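Observations on chain architecture
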Amino acid sequence: MDGGYADTFARCFIREDRYKLLISGIGVTIKVSIVAVILGILIGFLIALCNLSKNKFLRAIGKIYTDIIRGTPSVTQLMIIYFVIFATVDIEKWIIAAIAFGINSGAYVSEIIRAGILSIDKGQTEAGRSLGLNAYQTMTRIVIPQALKNIFPALCNEFIVLIKETAIVGYVGLMDIQKAGDFIKSATYEAFMPLIGTAIIYYVLIKVLTLILGIFENKLRKSDIR
């Protein structure tokens, strides 16, 4: 790194402790992403059951939900939830953002779960019922454990996509990684270094997450072999 780049790096990240903005932004991104993915899985599971239900009303709820969420931009959903639904509610911004992304993710997760459940042979369900298990027990003890191994890679991919999508939380005033990079860019009038720095942080974060999720996926595969 020559003197010019070294000076630019120091001016963007070291002086006035601007690197602390990025560190804080990493924390915000991780908090929002983790809560959102948990909420997304819970919502996705419920909506998947609605879509698989024989009840027309439940199927209609599932279809309307997925159509609306998948048919509108996530940034629009975030702003509606923040500025309209939670406008008068005293709650931390990152929690509202996590709820918004959880609702958004739930629509995509529901399709993943639905496809995973449908991939299980119907004979498995019939076998569970023949053993005296009710519908709930059959689903939780037989179908879902097998479906999880099929849907886990897709869920991992959804988590990764979700982390990158949280880069829009700056629209509601949250100082995440992207917003921190934009602040540094505005403060220093430098575009290259803050943008590259932001991209590198996201890349490293995704690579670490991919490694961790890969370990869990390998454990699932090994348990399946056994």
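What counts and what doesn't
- Residues numbered from 1 in each chain as written.
- Predicted model: local features only at pLDDT ≥ 70, side-chain atom pairs only at ≥ 80, totals over all residues.
- Heavy atoms only, no water.
- pLDDT = per-residue confidence, 0-100.
- Helix = DSSP H or I, 4+ residues; strand = E, 2+ residues; numbered from the N terminus.
- Salt bridge = Lys/Arg side-chain N within 4 Å of Asp/Glu carboxyl O.
- Buried < 20%, exposed > 50% of the residue type's maximum accessible area, 1.4 Å probe, protein only.
- Patch = residues over 30% accessible without salt bridge, like charges linked within 9 Å, V, L, I, M, F, W, Y side chains within 5 Å.
- Areas by Shrake-Rupley, 256 points an atom, 1.4 Å probe, with all protein chains shown as cover.
- Axes fitted to C-alpha atoms, helices over the stretch in contact; angles between N-to-C directions.
- Parallel < 35°, antiparallel > 145°, perpendicular 65-115°, else oblique.
- Left-handed = near helix turned anticlockwise from the far one by under 90°.
- Contact = heavy atoms within 4.5 Å.
- Nonpolar A, V, L, I, M, F, W, Y, C, P; charged D, E, K, R; others polar.
- Core = buried A, V, L, I, M, F, W, Y, C linked by side-chain atoms within 4.5 Å.
- Expected span 1.5 Å × (residues − 1).
- Arc of directions from axis to C-beta.

1. Observations regarding the confidence of the model for the chain
- Residues at a pLDDT of 70 or more form 95% of the chain, whose mean pLDDT is 89.
- In the model of the chain, helix H6 (residues 122-130) stands out as the element of lowest mean pLDDT, 71, in contrast to helix H4 (residues 74-85), which has the highest, 96.

2. Things to note about the pattern of salt bridges
- Across all of its chains, the model carries 6 salt bridges by this definition.
- A salt bridge links Lys63 to Asp67; the shortest N-O distance between them is 3.3 Å. Taken together, the residues Lys63 and Asp67, both in helix H3 (residues 56-70) and 4 residues apart, mark about one turn of the helix.
- Given the relative accessible area of 44%, Asp67 is considered partly exposed.

3. Topic: a nonpolar patch on the surface
- A contiguous nonpolar patch, built from Tyr5, Phe192, Ile196, Ile200, Tyr203, Val204, Val208, Ile212 and Phe216 and spanning about 880 Å² of accessible area, is present on the exposed surface.
- Per-element accounting of the nonpolar patch gives the leading share, 8 residues, to helix H9 (residues 192-225).
- In this fold, Ile200 is placed in helix H9.
- Judged by relative accessible area, which is 48%, Ile200 ranks as partly exposed.

4. Some thoughts on the packing of helix H2 (residues 19-52) against H3
- Contact geometry of H2 with H3 gives a least axis separation of 7 Å together with a crossing angle of 130°. As far as their axial angle goes, H3 and H2 are oblique. Relative to H3, H2 is oriented so that their crossing is left-handed. Side by side, H2 and H3 meet where Ile43, Ile47, Cys50 and Asn51 of the first sit next to Leu58, Arg59, Gly62, Lys63, Tyr65 and Thr66 of the second.
- Taken together, the residues of the contact of H2 with H3 sort by class into 5 nonpolar, 3 polar and 2 charged.

5. Re the nonpolar core
- Of all hydrophobic cores here, the largest spans 37 residues; its most connected members are Val32, Phe101 and Leu174.
- Within the residue set of this core, elements represented by two or more residues are helix H1 (3-14), H2, H4, helix H5 (93-118), helix H7 (135-165), helix H8 (177-188) and H9.
- Looking at this core element by element, the count peaks at 7 residues for H9.
- For Val32, the residues in contact, after removing those within four places along its chain, are Trp94, Ala97, Ala98, Phe101 and Thr166.
- Ile113, Ala147, Ile151 and Leu155 belong to the second-largest nonpolar core, a separate cluster that totals 10 residues.

6. Concerning H8
- For H8, built from 12 residues, the straight-helix expectation of 16 Å at 1.5 Å per residue is met to within 8% by its first-to-last C-alpha distance of 17 Å.
- Of the residues flanking the end of H8, it is Tyr189, one or two places downstream, whose phi is positive at about 60°.

7. Details of the packing of H4 against H5
- At their nearest, the axes of H4 and H5 sit 9 Å apart, and the two run at 135° to each other. One way to sum up the angle between H4 and H5 is to call them oblique. Once H4 is placed against H5, the crossing between them reads as right-handed. Here Ser74, Gln77, Leu78, Ile81 and Tyr82 of H4 come into contact with H5, specifically with Lys93, Ile96, Ala97, Ala100, Ile103 and Asn104.
- For the contact of H4 with H5, the per-class residue count stands at 7 nonpolar, 3 polar and 1 charged.

8. Considerations on H3
- In this model, H3 (15 residues) spans 21 Å end to end at C-alpha, consistent with the 21 Å of a helix rising 1.5 Å per residue.
- Buried residues of H3: Gly62, Tyr65, Thr66 and Ile69, and no others. Down the axis of H3, the buried set is contained in an arc of 90°. They therefore lie on one face. Exposed positions of H3 whose direction lies more than 90 degrees from the buried face are Lys56, Phe57, Lys63, Ile64 and Ile68.

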